[in-house]
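# Residue-level structure breakdown
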Amino acid sequence: MKKVVRIVVAIAACFAVNLSVDVAAATQVAPGGPCKKAGQTWDFQNKALVCRMSGARLRWVQVSIGRKPGSVSRSAKDTLADDYARFSKPLSRSLVDRPDDGGESSPKVKVIYAVPSFAKDQRRDVSGEIARGLFEVEEWRASQNGGFGLRYDTYNGALDIGYMTFESTKQQWYDRFYDIRPYPGFRNGLSYFHLELHRAGWWSGPLVTGTDDTAGIDALRRGDLYFVVFEAPAGAYGRTGAGEGSCRSMIDAMNDSIPIIGWASIDDRGTECDQVDVAGRFDFAANGANQNRWIARKYGMIDHFHQYMRNLPGCSNPASPKDGERVKIPGVLDESKAWEIRGGFNRDLSEINDPNSARVAEGIAIGKPPMLDPRHDLYFHITSDKLAGAGVCNSDISKHPLWDNLPLDRDSGRTLLRSSYDRPDDISGPQFHAVYVVRNGAKDFMYDTSGDIERALRHADGWLRQETGKGMRLDTFQGKVDVTYLPLPPRFESKTGNDCSKVPCPNDQDFYAHLRSYGRIHPDKTYLFFYSGGLTDYVLCGGAGIGKSVLLNLEVDGKSCSGTDWTKSNATSLSWSLLALHETFHSLGAVCSSAPESDGAYHSSRADDVMNARAKGTVKLDPTRRNYWGSVPADCTDLSQSPLFSS
């Protein structure tokens with residue numbers, strides 16, 4: 001039978017203090033009241049206030065969330081302000097690639113400002129516009145991937161934008177985008193633009209002649225992705241002729257694998273299109289409809305990057321989410337030609353609030369907040385449906401080498417890049433593997449990349465070594481604790497009840513079976529599932545039965561279940577670190593009913609034992625060394641002999 005531990009939760013009132021305003025002033029904060037420094041923010045009765053000049057004085061002004069694009073109200077400290085300013089600081093125009101901050105070997109996004117001879121040079125490469133627009137997208141994209149965005153070519157922290165010009169009339173520019181025109185071998189003329197980049201000195205990699213050059217194309221996939229801002233209109237979608245002369249981003253929907261994404265800066269009449277940074281920074285406090293409006297303005301810089309990244313190095317064409325399904329081609333009004341059966345195209349298969357969905361680009365009002373691959377079955381952190389077990393070539397963009405291994409917030413101190421896959425082990429044999437589980441629709445607290453789970457396990461390991469001389473064999477990758485990210489599909493619903501060991505309430509055994517069904521379980525590993533979005537009507541902080549899995553239920557009704565720190569116990573509860581050990585010991589058989597100090601319900605009767613049912617504060621490990629660690633009865637398990645612990 002599954003055993004659980006219940007921890008008494010202490011509810012404490014928390015008060016956020018804005019240190020930029022003194023206490024006396026804080027008591028007078030109200031709309032229209034005086035303030036001291038422009039730009040200061042304050043939460044007043046659940047209303048956002050900002051200090052602004054009103055007449056001749058600074059006064060608190062109420063701001064509404066999502067009132068217009070580009071206006072972001074932030075009551076919390078803007079942790080990315082310095083990174084945003086550094087990344088978007090304009091550099092002088094350059095015809096050559098400056099030295100990359102991260103070295104030349106890692107694939108990255110290289111940005112080029114390209115001006116054809118028929119267009120006017122608007123100097124977007126030195127205005128800061130392009131850099132701001134791309135950072136704004138990465139700020140949102142990183143929120144979907146544990147704080148990590150894509151890797152860009154930067155110089156001294158600033159986006160390094162190259163400049164080039166090329167000879168072309170407007171008609172020649174349009175001719176480029178039709179299959180029947182002078183570029184056989186490619187479905188779209190934008191793919192062929194890498195020859196122009198080569199002539200200008202920006203492309204130093206291999207040249208390919210067509211889509212049949214599979215070796216050359218795979219070499220390109222392993223290298224840089226070029227984001228080219230054209231001072232030109234968008235060319236037509238090559239197979240249908242749709243979209244010529246408009247303001248939009250450009251890429252071939254069939255993914256020729258030529259790593260170029262274009263952004264048109266003017267339309268056919270020469271009118272300036274939306275600037276790359278037109279939407280401003282993403283407002284995480286806005287409602288879903290306003291957030292999706294922002295996504296629609298940035299659609300090409302989100303969807304087109306992901307369409308390209310589905311081409312994983314070493315793999316053939318992107319895996320189809322549902323092989324043989326009829327899908328609609330965007331922009332084709334003739335119904336007899338608008339549908340076809342093919343693979344590798346997922347816009348019409350996505351959930352409505354997925355930024356890769358065609359519905360977002362069409363401007364349809366969507367109330368759900370935007371989320372990449374909400375079911376996690378198509379292209380991002382794939383953990384459900386048939387692609388979850390499809391191997392390394394399942395088109396999961398989270399595995400693409402363009403993701404930066406440093407967080408967007410360079411001062412955040414985060415750990416490894418988020419991964420839905422168990423990384424190569426530093427050690428072999430039995431070990432503990434951590435998994436961060438997020439229920440569908442629950443808040444993602446990014447505990448896998450914030451360092452919290454790693455800190456808890458390191459603390460548990462240190463405590464155990466101090467108590468016994470042996471520590472936990474932790475699954476690590478390059479010296480850091482390897483935490484797998486497991487977003488749950490919608491079928492895992494949060495249920496109520498009195499015992500999380502019973503279905504349909506999701507628990508560690510369900511998560512273990514879910515991973516095993518897709519071939520992601522290692523037989524030598526015991527899995528510690530840290531679960532966000534759990535139960536709501538009773539306090540169950542952890543649970544484990546005899547076996548290879550352990551549950552740590554992190555939140556109850558949006559609040560920390562244990563009511564304490566990851567590593568610090570208090571007078572009412574254990575820390576998450578020691579609770580993880582408590583549940584781990586349960587999974588190994590402690591405390592057996594014949595142990596001298598057993599309470600008869602799988603726990604210790606000693607209040608100072610970490611295995612007490614209501615353990616809290618300062619505790620010890622089996623203080624008498626005769627219950628589960630040391631000289632235990634013959635029919636009990638001596639945990640000190642487990643291969644999961646070593647000196």
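Structure first, text after, so check above.
Per chain, the residues get numbers from 1 upward, laid out in the order the sequence is written. In view of the model being predicted, local features appear only for residues whose pLDDT reaches at least 70, and side-chain atom pairs are presented and counted only at 80 or more, with totals across whole chains, interfaces and linings using the full set of residues. Think of the side-chain values as coming from all heavy atoms in the structure, minus any hydrogens and water.

On to the overall build of the protein. Put simply, DSSP H or I for four residues or longer makes a helix, DSSP E for two residues or longer makes a strand, and each gets a number counted from the N terminus. Helix and strand counts for the protein come out as 14 helices and 24 strands. Taking all contacts inside the protein whose residues are at least 6 apart in sequence as the whole, residues at least 24 apart take part in 65%. Accessible area for the protein stands at about 27,100 Å²; split by element, carbon and sulfur atoms hold 51% of it. The contact criterion used throughout is that any non-hydrogen atoms of two residues lie within 4.5 Å. Note on areas: Shrake-Rupley with a 1.4 Å probe; residue coverage comes only from the protein chains shown.

Next up on the list: helix H9 (residues 299-309). In an α-helix, one full turn covers 3.6 residues, which means residues spaced three or four apart are oriented alike. Only protein chains enter the calculation, and the probe is 1.4 Å; a residue is then buried if its accessible area is under 20% of its type maximum, exposed if over 50%, and partly exposed in between. The buried count for H9 comes to 11 of 11 residues, which makes it a mostly enclosed element. Listed in full, the buried residues belonging to H9 are Tyr299, Gly300, Met301, Ile302, Asp303, His304, Phe305, His306, Gln307, Tyr308 and Met309.

The rule for a disulfide is simple: a pair of cysteine sulfur atoms within 2.5 Å. Enumeration according to the criterion identifies three disulfides in this entry. One disulfide bridge connects Cys541 with Cys561, the sulfur atoms lying 2.2 Å from each other. One quick way to see it: the torsion about the S-S bond of Cys541 and Cys561 is about -95°, and its sign makes the bridge left-handed. Within this pair, whereas Cys541 is found in the loop between strand S19 (525-532) and strand S20 (542-544), its partner Cys561 is found in the loop between strand S23 (559-560) and helix H14 (576-587), the two being separated by 20 residues in sequence. When sorted by exposure, Cys541 lands in the same class as Cys561, which is buried. What pairs with Cys592 in a disulfide is Cys636, and their sulfur atoms sit 1.6 Å apart. Around the S-S axis, the bridge from Cys592 to Cys636 shows a dihedral of about 50° and counts as right-handed. Of this pair, Cys592 sits in the loop between H14 and strand S24 (645-646) while Cys636 sits in the loop between H14 and S24, and the two are 44 residues apart along the sequence. Like Cys636, Cys592 is buried.

A separate point is the pattern of salt bridges. Working definition: two side chains of opposite charge can pair if their charged atoms are close together. By salt bridge we mean one thing: a side-chain nitrogen of Lys or Arg within 4 Å of a carboxyl oxygen of Asp or Glu. What the rule picks out here adds up to 36 salt bridges. Residue Asp404 pairs with Arg410 through a salt bridge whose shortest N-O separation is 3.1 Å. Residue Asp404 is classed as buried on the basis of its relative accessible area, which comes to 7%. Where salt bridges share partners, they join Asp97, Asp100, Lys108, Lys110 and Asp153 into one cluster.

The strand order S8-S5-S9-S11-S10 describes an open sheet built from five strands, whose pairing is mixed. Among the strands making up the open sheet, the edge pair consists of strand S8 (161-166) and strand S10 (249-250). What makes two strands pair is DSSP finding at least two bridges between them. Where strand S9 (residues 225-230) and strand S11 (residues 260-264) come together, five bridges link them in parallel fashion. Within S11, the position partnered with Val229 by the bridge is Trp263. Working convention: axes come from line fits to C-alpha atoms, limited for helices to the stretch in contact. Angles between N-to-C directions cover 0 to 180 degrees. The strands that helix H3 (residues 129-143) touches are strand S5 (109-116), S8 and S9; relative to S5, the one it contacts most, it runs at about 140°.

Aromatic ring pairs are described here by two measures, namely the spacing of the ring centres and the angle between the planes. Aromatic pairing here means that ring centres of Phe, Tyr or Trp (its six-membered ring) are within 6.5 Å. Orientation follows from the plane angle: under 30 degrees is stacked, over 60 is edge-to-face, and everything else is tilted. Scanning the entire structure with this criterion turns up 29 aromatic pairs. With centroids separated by 5.1 Å and ring planes inclined at 80°, the aromatic side chains of Phe282 and Trp294 adopt a geometry described as edge-to-face. Highlighted residues: Phe282 in the loop between S11 and helix H8 (288-297) and Trp294 in helix H8, separated in sequence by 12 residues. According to the relative accessible area criterion, Phe282 is buried, its value standing at 2%.

This part is about the pairing of strand S18 (residues 483-487). In terms of burial, S18 is a largely internal element, five of the five residues being buried. Burial along S18 is two-sided: the residues Val483, Tyr485 and Pro487 and Thr484 and Leu486 are all buried. The pairing of strand S14 (residues 431-438) with S18 spans five bridges and is classified as parallel. Bridged to Ala434 within S18 is Val483.

Each nonpolar core is a collection of buried residues, namely Ala, Val, Leu, Ile, Met, Phe, Trp, Tyr and Cys, held together in the definition by side-chain atoms within 4.5 Å. Core analysis: the biggest nonpolar cluster contains 50 residues, and Ile453, Leu464, Met472, Phe530, Phe585, Val610 and Tyr628 have the highest contact counts within it. Of all the secondary-structure elements, those providing two or more residues to this core are S14, helix H12 (452-468), S18, S19, strand S21 (549-553) and H14. In this view, Met472 contacts Phe432, Leu457, Ala460, Asp461, Leu464, Arg465, Leu528, Leu581, Leu644 and Phe645; residues no more than four positions away in its chain are not counted. The next biggest cluster of nonpolar side chains, apart from the first, holds 48 residues, and it includes Ile161, Met301, Val360 and Trp403.

Angle between the axes and distance between the axes are the two parameters that describe a pair of packed helices. Between H12 and H14, the least distance of the axes is 8 Å, while the angle of their chain directions is 70°. Classified by the angle between their axes, H12 and H14 sit roughly perpendicular to one another. In the packing of H12 onto H14, the handedness of the crossing is right-handed. Across from Ala456, His459, Ala460, Trp463 and Leu464 in H12, the residues of H14 making contact are Ser577, Leu578, Leu581 and Phe585. In this scheme, roughly parallel covers angles under 35 degrees and roughly antiparallel covers those over 145, while 65 to 115 is roughly perpendicular and the rest are oblique. Helix crossings are classified by the rotation of the near helix relative to the far one: an anticlockwise turn of less than a right angle makes the crossing left-handed, while a clockwise turn makes it right-handed.

Within the secondary structure layout, Tyr226 lies in strand S9. Tyr226 sits 24 residues away from Trp202 along the chain, and the two C-alpha atoms are 9.6 Å apart. If we skip the residues at most four places from it in the chain, Tyr226 touches Lys110, Ile112, Leu197, Trp202, Trp203, Pro259, Ile260 and Ile261. Between N or O atoms, a polar contact is any pair within 3.5 Å; within protein, one atom must be a potential hydrogen donor and the other a potential acceptor, and residues adjacent in sequence are included only when both atoms are from side chains. Separated by 2.6 Å, the side chain of Tyr226 and the backbone oxygen of Trp202 make a polar contact.

Before going further, it helps to spend a moment on the side chain of Asp508. Tracing the chain through its elements places Asp508 in helix H13 (residues 508-517). Within the local environment of Asp508, its side chain forms a polar contact with the side chain of Ser549, the two groups lying 2.6 Å apart.

What follows deals with unusual backbone geometry. Note that the residue after Ala590, namely Val591, is joined by a cis bond; omega there is 0°. One can find Val591 in the loop between H14 and S24. In this model, Asn156 sits at a positive phi of 55°, which is unusual for a non-glycine residue. For Asn156, the location among the structural elements is in the loop between strand S6 (154-155) and strand S7 (158-159). Positive phi is not limited to glycine here, since Met446 has a value of about 60°. Here Met446 is to be found in the loop between S14 and helix H11 (447-450). Exposure remark for Met446: the relative accessible area of 14% places this residue in the buried category.

Moving on to the environment of Gly33. Its location among the elements puts Gly33 in the loop between helix H1 (23-26) and strand S2 (41-44). Residue class for Gly33 comes out buried when judged on its relative accessible area of 10%. With 28 residues separating them along the chain, Gly33 and Val61 place their C-alpha atoms 8.3 Å apart.

Most of S9 is tucked away, with six of its six residues classed as buried. Residues Leu225, Phe227 and Val229 point to one face of S9 and Tyr226, Val228 and Phe230 to the other, with burial holding for every one of them. The pairing of S5 with S9 spans six bridges and is parallel. Each residue of the ladder has a partner; that of Ala114, found in S9, is Phe230.

Read these as spatial facts, not as claims about activity.
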